[in-house]
Amino acid sequence: MIRLRDITKRFGDIVAVDDVNLSVPAGRIHGVLGRSGAGKSTLLRTVNLLERPDRGTVEVDGVDLTRLDHDALRHARSRIGMVFQHFRLLHNRTVAANVALPLKLHGTPRNLRATRVRELLELVGLPDKADAYPSRLSGGQRQRVAIARALASGPEVLLSDEATSALDPQTTIDILDLLVKLRAELGLTILLITHELDVVTRICDSASIMTDGAVTESGPVADLLATPGSQLGSQAFRLPDEGVSLDPRTGLEITFTGAAVGDPVVATLVNRFGLDVSITDAAVHTTTSGTVGRLRLRLPEGTDPVPAVEWLATNGYGVRRA
Ligand SMILES: Nc1ncnc2c1ncn2[C@@H]1O[C@H](COP(=O)(O)OP(=O)(O)OP(=O)(O)O)[C@@H](O)[C@H]1O
């Protein structure tokens, strides 16, 4: 479990993180999405106190890290793994030596290290790469090694700083699937930062959007997507011509979730309400807690959509006309 309370971090005049509150329950994956410079990295780095906040408390598994002395903090940090965009492997060491490094620093005996490294490489899908050097591995394989290293000390929390940003789309999916598998098998709590919306919609249970240091939206991913006008929804269901709003006379935007995804809503509008709609845009996102879709329709001029809009609203659809 991670709980950040009232976190503020300044660099001179810059308020990198501005009074942020954020909780990730044990075993959940939370994504922080935001543009470059929004404060995501700084926020993430406060969780293991790589950045000490100017204000606020950082609780990991019930312990307030900001109150710990040097030794206790070192111990607490071993329960928090971290992975980075550019992997940060030691290139003159083998894969096995990279993964073993945290164990060595912890004083784990050599024979136990070897067993643990084998288990970890098995876990991340690289059982036959122990003796390879990082330079001979693909980006995805390097990130797997970095994940194995981050898990070496048996952390309960994994922090991911843009772990897939340097990877191609298919490798990104493979690494995200690996994180989901690790969460299931090890019960990890994962906090990740990203500027890629797909990372959030694919694996995160909940998400926050950061803008200029502040969290401007937060909640379960499916709920945010399903809320008309939400920031996450407007990024996920971006209009083809960004910034163009619907024409309130002829435009109708319908958001649907769960079982409604399979409903013949267009047929209902045509057959039941006599509205000969045309589809201008449609998209569906499958999240960890269900499917959310959005459909944009154009109504024929001069028709009265009010009865249809009322029917949609009372039948669990989100409806927006402008
Ligand atoms: N060590 C530092 N010293 C001074 N300013 C910093 C430092 N680290 C971050 N900043 C500033 O704090 C703000 C937030 O930076 P941060 O790296 O946290 O954003 P970000 O959302 O992670 O961006 P990116 O996606 O580009 O990494 C930026 O204005 C940045 O220039």
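Keep in mind that this is a model prediction, so the values were computed, not measured.

Explanation requested: the domain arrangement of the protein chain in the structure shown.
By a widespread convention, an interface's size corresponds to the accessible area lost as its parts come together. One can read the domain layout of the protein chain as domain 1 (2-220) and domain 2 (237-320). On a C-alpha basis, the centres of domain 1 and domain 2 stand 39 Å from each other. Contact with domain 1, which involves five residues of that partner, is made by four residues of domain 2. With both chains or domains summed, domain 1 and domain 2 bury close to 370 Å², and 48% of this area falls on carbon and sulfur atoms. Seen at the junction of domain 1 and domain 2, the total is zero salt bridges. On inspection of domain 1 and its partner domain 2, the count reaches two residue pairs in polar contact (both at pLDDT 80 or more). When the residues that make up the side of domain 1 that touches domain 2 are grouped by side-chain class, the tally is two nonpolar, one polar and two charged.

Explain the UniProt feature "domain: ABC transporter" (unreviewed entry) in the protein chain to me, please; I cannot follow it from the model alone.
Cross-referencing UniProt, the feature "domain: ABC transporter" (unreviewed entry) maps to residues 2-237 in the present numbering. Counting secondary structure, residues 2-237 comes out at 39% helix and 27% strand; the distance between its end C-alpha atoms is 30 Å.

Would you mind showing me how to read helix H4 (residues 110-123) here?
If you check H4, its first and last C-alpha atoms are 20 Å apart, about what 14 residues at 1.5 Å a residue would give, namely 20 Å. The set of residues buried in H4 consists of Arg113, Val117, Leu120, Leu121 and Leu123. One face of H4 carries all of its buried residues, which in axial projection span an arc of 150 degrees. Turned more than 90 degrees off the buried face of H4, the exposed positions are Asn111, Arg118 and Glu122. Each element contacted by the buried residues of H4 is listed here: helix H3 (95-105), helix H5 (139-151) and helix H6 (169-186).

Please explain the side chain of Thr46 as it appears in this structure.
Structurally, the position occupied by Thr46 is in helix H1 (residues 40-47). In this structure the side chain of Thr46 is engaged in a polar contact, spanning 2.5 Å, whose partner is the backbone oxygen of Leu43. Discounting chain neighbours no more than four positions away, the residues touching Thr46 are Leu4, Ile7, Glu51, Pro53 and Val58.

What am I meant to see in the sheet that holds strand E2 (residues 14-24) here?
Sheets are built from strands that pair by backbone hydrogen bonding, the pairs being arranged parallel or antiparallel. If you trace the four strands from one edge of the open sheet to the other, you get E2-E1-E4-E5, paired in antiparallel fashion. Of all the strands in the sheet, the pair left with one neighbour each is E2 and strand E5 (63-64). Note: strand E4 (residues 55-60) against E5, two bridges, orientation antiparallel. Paired with Glu59 across the strands is Asp64, a residue of E5. Strands in contact with H1 are strand E1 (2-11), E2 and E4; relative to E1, the strand with the most contacts, it is inclined by about 125 degrees.

In this structure, what is going on with the site of the ligand? I would like to understand it.
Around the ligand, the structure places Phe11, Ile14, Ala16, Arg35, Ser36, Gly37, Ala38, Gly39, Lys40, Ser41 and Thr42. Separating an oxygen atom of the ligand from a backbone N or O atom of Gly39 is a distance of 2.9 Å. About the coverage of the ligand: the protein hides 59% of its 620 Å² of free accessible area. Of all the secondary-structure elements, those providing two or more residues to the shell around the ligand are E2 and H1. Per-class residue counts for the shell around the ligand are four nonpolar, five polar and two charged.

Before we go on, may I ask you to explain unusual backbone geometry in this structure?
With the exception of glycine, the majority of residues adopt a negative phi angle, and the majority of peptide bonds are in the trans configuration. The phi dihedral of Phe87 falls on the positive side, at around 65 degrees, and the residue is not glycine. Positionally, Phe87 belongs in the loop between strand E6 (80-84) and H3. Residue class for Phe87 comes out buried when judged on its relative accessible area of 10%. Backbone geometry places Asp212, a non-glycine residue, at a positive phi of 50 degrees. Relative to the helices and strands, Asp212 is located in the loop between strand E9 (206-211) and strand E10 (214-220).

Sorry, what's going on with the pairing of strand E13 (residues 290-298) here?
Each regular strand carries side chains that alternate between the two faces of the sheet. Of the strand pairs in this sheet, strand E11 (residues 251-257) and E13 are connected by seven bridges, and their pairing is antiparallel. In the sheet register, Phe256 faces E13, and the bridge partner there is Gly293. Where strand E12 (residues 278-287) meets E13, nine bridges bridge the pair, whose relative direction is antiparallel. Bridging from a neighbouring strand, His285 pairs with Val292 of E13. Count of turn residues in the E12/E13 antiparallel hairpin: two residues.

Basis of the calculations
Residues numbered from 1 in each chain as written. Predicted model: local features only at pLDDT ≥ 70, side-chain atom pairs only at ≥ 80, totals over all residues. Heavy atoms only, no water. Domains from an automatic or database assignment. Contact = heavy atoms within 4.5 Å. Buried area = accessible area lost by both parts, 1.4 Å probe. Salt bridge = Lys/Arg side-chain N within 4 Å of Asp/Glu carboxyl O. Polar contact = N/O pair within 3.5 Å; in protein donor to acceptor, adjacent residues only side chain to side chain. Nonpolar A, V, L, I, M, F, W, Y, C, P; charged D, E, K, R; others polar. UniProt positions renumbered as here; feature names shortened; annotations may be inferred. Helix = DSSP H or I, 4+ residues; strand = E, 2+ residues; numbered from the N terminus. Expected span 1.5 Å × (residues − 1). Buried < 20%, exposed > 50% of the residue type's maximum accessible area, 1.4 Å probe, protein only. Arc of directions from axis to C-beta. Pairing = 2+ DSSP bridges. Axes fitted to C-alpha atoms, helices over the stretch in contact; angles between N-to-C directions. Near = heavy atom within 4 Å. Areas by Shrake-Rupley, 256 points an atom, 1.4 Å probe, with all protein chains shown as cover.

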